[in-house]
Amino acid sequence: MELLGDLGLGFATALSPFNLLYCFIGVALGTAVGVLPGLGPIATIAMLLPITFGLPPVSSLIMLAGIYYGAQYGGSTTAILINLPGESSSVVTAIDGYQMAKKGRAGPALATAALGSFFAGTVATVLLAIAAPPLAEVALEFGPAEYFSLMVLGLVASVALASGSLLKAFTMIVMGLLLGLVGSDVETGTQRFTFDMPEMADGLNFVALSMGVFGLGEILRNLEHEHTRSVMVKHVSGLMLSKADLKRIIGPVLRGTSLGSVLGILPGGGAMLASFAAYSMEKRLSPNRAEFGKGAIEGVAAPESANNAGAQTSFIPMLTLGIPSNPVMALMIGAMIIQGITPGPNVVTDEPELFWGMIASMWVGNLLLVLLNLPLIGLWIRMLTIPYHLLFPAIIAFCCIGAFSVNNSTFDVFMMALFGLVGYALIKLDFEPAPLLLGFVLGPMLEENLRRAMLLSRGDATVFVTQPLSLGLLLVSLGLLTAVLLPNIRSKREEAFSE
Amino acid sequence: MTSMQRRRDVIGGLIVMTIGTGFLTVGSDLDMGSSFRMGPGYFPNVLSVVMIALGLAITGLALRCPKGEGGSTPLPWRGLLLILGAAVFFGFAVRGLGLAPVLLGVVLASAWASRYAAVRTSVSLAAGVAAFCTFLFIQMLGLPLPLTGPWLSLEQGSPLASAMASVELPAFSGPAPSQ
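Just so it is clear, the structure is predicted and the values come from calculations on it, not from any experiment.

Chemist: Even after reading the chapter, I still don't get the overall build of chain A, so can you show me in this structure?
Modeler: On a plain count of helices and strands, chain A comes out with 23 helices and two strands. Over its C-alpha trace chain A gives a radius of gyration of 22 Å, about what one expects of a compact globule, namely 23 Å for 499 residues. Counting only C-alpha atoms, chain A reaches 70 × 50 × 50 Å along its principal axes. In chain A, buried positions account for 62% of the 499 residues. For chain A, contacts bridging at least 24 residues in sequence account for 79% of all contacts bridging at least 6. For chain A, the accessible surface area stands at approximately 17,900 Å², while carbon and sulfur atoms represent 66% of it. Counting 24 positive and 32 negative side-chain charges, chain A places the centres of these two groups 16 Å from one another.

Chemist: Help me out: how do you make sense of the pattern of salt bridges in this one?
Modeler: Side chains that differ in charge, positive against negative, can pair when their charged atoms come close. Enumeration over the complete set of coordinates arrives at 16 salt bridges over all chains. One salt bridge connects glutamate 298 of chain A with arginine 248 of chain A, and the closest N-O pair in it is separated by 2.8 Å. Taken as a pair, glutamate 298 of chain A in helix H12 (residues 298-313) and arginine 248 of chain A in helix H10 (residues 243-265) lie far apart in primary sequence, 50 residues in all. Taking the shortest distance from any N to any O, the salt bridge between arginine 8 of chain B and aspartate 430 of chain A comes out at 3.2 Å. Of this pair, arginine 8 of chain B sits in helix H1 (residues 3-26) while aspartate 430 of chain A sits in the loop between helix H19 (410-428) and helix H20 (434-456), which puts the two residues in different chains. Judged by relative accessible area, which is 16%, arginine 8 of chain B ranks as buried.

Chemist: In this structure, what is going on with the nonpolar core? I would like to understand it.
Modeler: One broad trend across soluble globular proteins is that nonpolar side chains are buried collectively. Membership of the largest hydrophobic core comes to 190 residues, with the highest contact counts inside it found for Phe315 and Met416 of chain A together with Phe90 of chain B. For this core, the domains that each give at least three residues are domain 1 (3-64) and domain 2 (77-140) of chain B. Look past the residues within four positions of phenylalanine 315 of chain A in its chain and what remains in contact with it is Ala65, Tyr68, Leu128, Met329, Met332, Met358 and Met362 of chain A. Counting residues in hydrophobic clusters, the runner-up holds six residues, among them Leu273, Ala274, Ala302 and Ala306 of chain A.

Chemist: Hey, could you run me through the packing of aromatic side chains in this one?
Modeler: In total, this model carries 14 aromatic pairs over all chains according to the counting rule given. Ring centres 4.8 Å apart and planes at 50° place the aromatic pair phenylalanine 414 of chain A and phenylalanine 92 of chain B in the tilted group. Here the residue phenylalanine 414 of chain A occupies a position in helix H19, and phenylalanine 92 of chain B occupies one in helix H3 (residues 77-97), the pair thus bridging two chains. Among the aromatic residues, those joined into a cluster by ring pairs are Phe11, Phe118 and Trp363 of chain A.

Chemist: Hey, could you run me through the interface of chain A and chain B in this one?
Modeler: Every contact between the two is made by 61 residues of chain A and, on the other side, 62 residues of chain B. Counting the surface lost from both chain A and chain B, the interface buries some 5,300 Å², and carbon and sulfur atoms represent 82% of this. If you sort the residues of chain A by the area they bury against chain B, Leu178, Phe193 and Ile401 of chain A come out on top, with a joint share of 12%. One can count six residue pairs in polar contact (both at pLDDT 80 or more) joining chain A with chain B. Looking at the side of chain A that touches chain B, the elements that each hand over two or more residues are helix H8 (166-181), strand S2 (191-192), helix H9 (206-224), helix H18 (388-407), H19 and H20 of chain A. With twelve residues, the single largest contributor to the side of chain A that touches chain B is H18 of chain A. In the side of chain A that touches chain B, the residues fall into 37 nonpolar, 14 polar and ten charged.

Chemist: Explain the state of the cysteines here, please?
Modeler: What is meant by a disulfide is a covalent connection between two cysteines, made through their sulfur atoms. All names here are of chain A. For the structure shown, the criterion picks out zero disulfides over all chains. Left without a disulfide partner, cysteine 399 is nearest to the cysteine sulfur of cysteine 400, which lies 7.0 Å away. Using a relative accessible area of 0% as the deciding quantity, one classes cysteine 400 as buried.

Chemist: So what exactly am I meant to see when it comes to the environment of valine 262 of chain A here?
Modeler: All names here are of chain A. Mapped onto the secondary structure, valine 262 falls in helix H10. Of the residues examined, valine 262 reaches a relative accessible area of 52% and is grouped as exposed. Expressed as a C-alpha distance, the spacing of valine 262 and leucine 48, which sit 214 residues apart in the sequence, is 29 Å.

Chemist: Would you explain the packing of helix H6 (residues 106-140) of chain A against H12 of chain A in this entry?
Modeler: How two helices pack is summed up by the angle between their axes together with the distance between the axes. Residues and elements named next belong to chain A. Where H6 contacts H12, the axes come no closer than 7 Å and their chain directions differ by 35°. Where H6 crosses over H12, the handedness of that crossing is right-handed. Counting all contacts with H6, which are made through Ala109, Thr112, Ala113, Gly116, Ser117, Ala120, Gly121, Ala124, Thr125, Leu127 and Leu128, the residues of H12 involved are Val300, Ala301, Glu304, Ser305, Asn308, Ala309, Gln312 and Thr313. Class assignment of the residues belonging to the contact of H6 with H12 gives a composition of nine nonpolar, nine polar and one charged.

Chemist: Can you walk me through helix H3 (residues 41-52) of chain A in this structure?
Modeler: Count 3.6 residues to each turn of an α-helix, and residues three or four apart come out pointing the same way. Residues and elements named next belong to chain A. The first and last C-alpha atoms of H3 sit 15 Å apart over twelve residues, in line with the 16 Å expected at 1.5 Å per residue. Counted residue by residue, H3 has eleven buried out of twelve residues, so it is predominantly covered. For H3, the set of buried residues is Pro41, Ile42, Ala43, Thr44, Ile45, Ala46, Met47, Leu48, Leu49, Pro50 and Thr52. Of the surrounding elements, those touching the buried residues of H3 are helix H2 (17-35), helix H4 (57-82), H9, helix H14 (327-338) and H18.

Chemist: Help me out: how do you make sense of the domain arrangement of chain B in this one?
Modeler: What the domain assignment lists for chain B is domain 1 (3-64) and domain 2 (77-140). For domain 1 of chain B and domain 2 of chain B, the distance between their C-alpha centroids amounts to 38 Å.

Chemist: Is there a simple way to explain the side chain of serine 110 of chain B in this structure?
Modeler: Along the chain, serine 110 of chain B turns up in helix H4 (residues 99-111). Beyond its immediate sequence surroundings of up to four residues, serine 110 of chain B is in contact with Phe392, Pro393 and Ile396 of chain A together with Ile83 and Ala86 of chain B.

Chemist: I tried to follow the side chain of glutamate 304 of chain A on my own but got confused; where do I start?
Modeler: All names here are of chain A. Checked against the element boundaries, glutamate 304 lands in helix H12. For glutamate 304, the side chain forms a polar contact with the side chain of asparagine 307, separated by 3.4 Å. Sequence-distant contacts of glutamate 304, that is, excluding residues within four places in its chain, are made with Gln72, Ser76, Ser90, Thr93, Ala113 and Ser117.

Chemist: How should helix H16 (residues 352-373) of chain A be read in this particular structure?
Modeler: With 22 residues, H16 of chain A ought to run about 32 Å at 1.5 Å a step, and its terminal C-alpha atoms sit 31 Å apart, in line with that. Judged by how many residues are buried, H16 of chain A sits mostly within the fold: 16 of 22 residues are covered.

Chemist: So what exactly am I meant to see when it comes to unusual backbone geometry here?
Modeler: For residues that are not glycine, phi is negative in most cases, and the peptide bond is trans in most cases. Residues and elements named next belong to chain A. In this model, aspartate 196 sits at a positive phi of 60°, which is unusual for a non-glycine residue. Among the secondary structure elements, aspartate 196 is positioned in the loop between S2 and H9. By relative accessible area, aspartate 196 is classed as exposed at 73%.

Chemist: I'm lost on a nonpolar patch on the surface in this one. Help?
Modeler: Residues and elements named next belong to chain A. Nonpolar side chains collect at one region of the surface, where Leu21, Phe24, Ile25 and Leu29 lie side by side and expose about 300 Å² of accessible area between them. By the element assignment, phenylalanine 24 lies in helix H2. Exposure remark for phenylalanine 24: the relative accessible area of 37% places this residue in the partly exposed category.

Here is what the cut-offs are and how they apply
- Residues numbered from 1 in each chain as written.
- Chains lettered and ligands numbered in written order.
- Predicted model: local features only at pLDDT ≥ 70, side-chain atom pairs only at ≥ 80, totals over all residues.
- Heavy atoms only, no water.
- Helix = DSSP H or I, 4+ residues; strand = E, 2+ residues; numbered from the N terminus.
- Rg over C-alpha atoms; globule rule 2.2 N^0.38 Å.
- Buried < 20%, exposed > 50% of the residue type's maximum accessible area, 1.4 Å probe, protein only.
- Contact = heavy atoms within 4.5 Å.
- Areas by Shrake-Rupley, 256 points an atom, 1.4 Å probe, with all protein chains shown as cover.
- Lys, Arg positive; Asp, Glu negative; His and termini not counted.
- Charge placed at Lys NZ, Arg CZ, Asp CG, Glu CD.
- Salt bridge = Lys/Arg side-chain N within 4 Å of Asp/Glu carboxyl O.
- Core = buried A, V, L, I, M, F, W, Y, C linked by side-chain atoms within 4.5 Å.
- Domains from an automatic or database assignment.
- Phe/Tyr/Trp six-rings, centres within 6.5 Å; stacked < 30°, edge-to-face > 60°.
- Buried area = accessible area lost by both parts, 1.4 Å probe.
- Polar contact = N/O pair within 3.5 Å; in protein donor to acceptor, adjacent residues only side chain to side chain.
- Nonpolar A, V, L, I, M, F, W, Y, C, P; charged D, E, K, R; others polar.
- Disulfide = S-S within 2.5 Å.
- Axes fitted to C-alpha atoms, helices over the stretch in contact; angles between N-to-C directions.
- Left-handed = near helix turned anticlockwise from the far one by under 90°.
- Expected span 1.5 Å × (residues − 1).
- Patch = residues over 30% accessible without salt bridge, like charges linked within 9 Å, V, L, I, M, F, W, Y side chains within 5 Å.

Okay, structure coming up:
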């Protein structure tokens with residue numbers, strides 16, 4: 001019953017006119033980001049971070065969260081209508097969704113994506129409400145050794161589940177950790193890697209770093225293969241699903257939702273992995289598997305439910321443990337820190353309004369998204385064709401102002417330009433930049449817990465393996481690492497990501 | 001692994017090693033402390049060493065692969081210069097020129113990084129972005145930046161006023177206007 005009371009508080013917060021407005025802005029922006037070419041949720045959230053400083057923490061986090069799961073909806077629209085995934089998480093939706101659109105069934109495909117996502121979002125919201133508080137309670141008992149091991153697990157898992165070279169992903173994490181240590185040392189106040197510049201004393205600016213790497217770096221990459229888009233389907237009709245369609249999607253939606261919910265919790269997982277896994281599972285299980293690749297409605301229902309469920313459950317480790325499972329969550333943690341909230345298990349008890357308000361807002365946001373996406377589909381179709389060359393100069397202008405406005409300092413703008421160059425170099429050298437952001441956020445926390453754990457154990461490093469919980473977490477990390485390195489799983493993993 | 005990937009990884013690993021060495025060098029005068037009471041230098045130095053090792057591994061693995069054929073893709077210098085240059089220009093000039101003119105410059109410059117750039121669309125895009133951003137950030141959000149900055153002011157002593165004064169100087173040496 002306590003849950004109902006908490007959820008009541010959450011809905012009271014989420015439904016206050018002010019927060020409802022920001023929820024709406026968030027999901028509308030998210031859909032737009034998913035639909036517009038070359039603009040992803042990471043860059044958008046980074047750009048909007050400075051604007052949210054003036055807002056109350058609840059409203060700003062509600063809006064930023066809305067951008068993330070809203071982008072899942074918008075991304076599927078692009079995938080279905082023009083065969084270009086708006087987001088990495090809707091890559092597989094494009095396979096069957098576009099085939100459906102080609103056969104004149106764009107309406108049912110869009111409706112399936114939206115309704116499947118809504119159902120998944122509802123389930124994931126309930127799951128988040130039930131699972132998060134007990135998890136936070138467990139985490140409250142964690143000492144520094146357990147926390148250190150937990151973060152190691154988070155980082156290892158994010159490497160193991162990411163695409164591309166393991167070695168390079170590790171390099172990105174270590175580089176992120178090192179960059180995170182720049183600034184004054186928390187314990188002694190010693191200046192580290194600041195080159196005596198006062199602007200660097202508080203560390204590298206999080207907003208400048210993420211906007212540089214994910215905003216400018218991304219633009220430079222996109223400009224290499226610039227092309228114009230054309231929409232084949234100008235008018236979408238028949239948004240209602242027939243009874244036969246409904247019958248076919250129930251199973252895939254349920255399976256996609258459960259798989260997505262589980263994969264979303266895992267570090268490094270989130271929406272993308274969930275949609276890939278759900279699609280390949282459905283391809284094996286479905287009685288209509290012969291239709292896959294030729295416009296099977298199951299091929300839209302399963303990954304779309306899974307990516308939305310995954311997007312939502314990836315908030316669980318962020319809200320309860322203060323550990324980001326993907327770059328978007330790293331940005332959310334950054335947003336919290338900037339707002340003066342210490343991320344971690346204390347959020348549930350210290351900031352109930354924020355915690356429950358965010359959870360409730362996700363359900364409200366999903367409902368808004370269905371209303372926003374189905375009847376207004378014509379608006380988004382028109383947005384689809386906005387050419388990239390009209391978009392990116394505006395993004396650059398926004399990034400410059402955003403970087404400047406954090407501290408009203410031009411130093412941060414130069415920093416952003418530098419990290420834009422770094423981000424582009426990383427892409428060119430085939431280093432996936434996402435783990436860098438995770439490392440950057442976790443760097444200071446990891447060091448602090450390491451030092452505290454060593455101090456408490458009087459310099460005895462075995463503390464990490466003698467504490468049962470810590471040992472368990474490290475063993476899981478080790479298991480994950482060996483699993484990924486095993487030859488046959490390794491080839492499967494490469495296969496899964498190349499599909 | 002193709003020749004391009006091989007070269008890319010060799011270079012990538014070398015860069016990683018350089019960064020690791022850089023952190024190690026700069027961090028070498030930080031106090032290491034002991035494993036019991038770690039100083040500010042302990043964790044960074046450990047990480048730097050790990051970084052160098054990772055760089056070695058990346059380069060090493062790439063070098064083990066046989067050399068293949070194939071060229072490299074040229075760097076998009078125009079895009080790099082225009083876009084990063086636009087950001088740097090913003091940093092240098094925003095206080096002096098003010099937000100509106102600097103945004104015009106940023107959008108106009110970066111728009112030319114695209115192969116689809118055209119004069120008319122770029123100019124109207126720049127005007128639109130400048131108008132929208134100055135309204136949003138200065139009017140609505142109260143960003144402490146001037147609309148147009150001191151470099152553009154005509155008051156006595158400002159750079160533009162003195163520049164104009166020196167240009168207009170010959171006019172004063174002419175015959176005085178008759179009354």
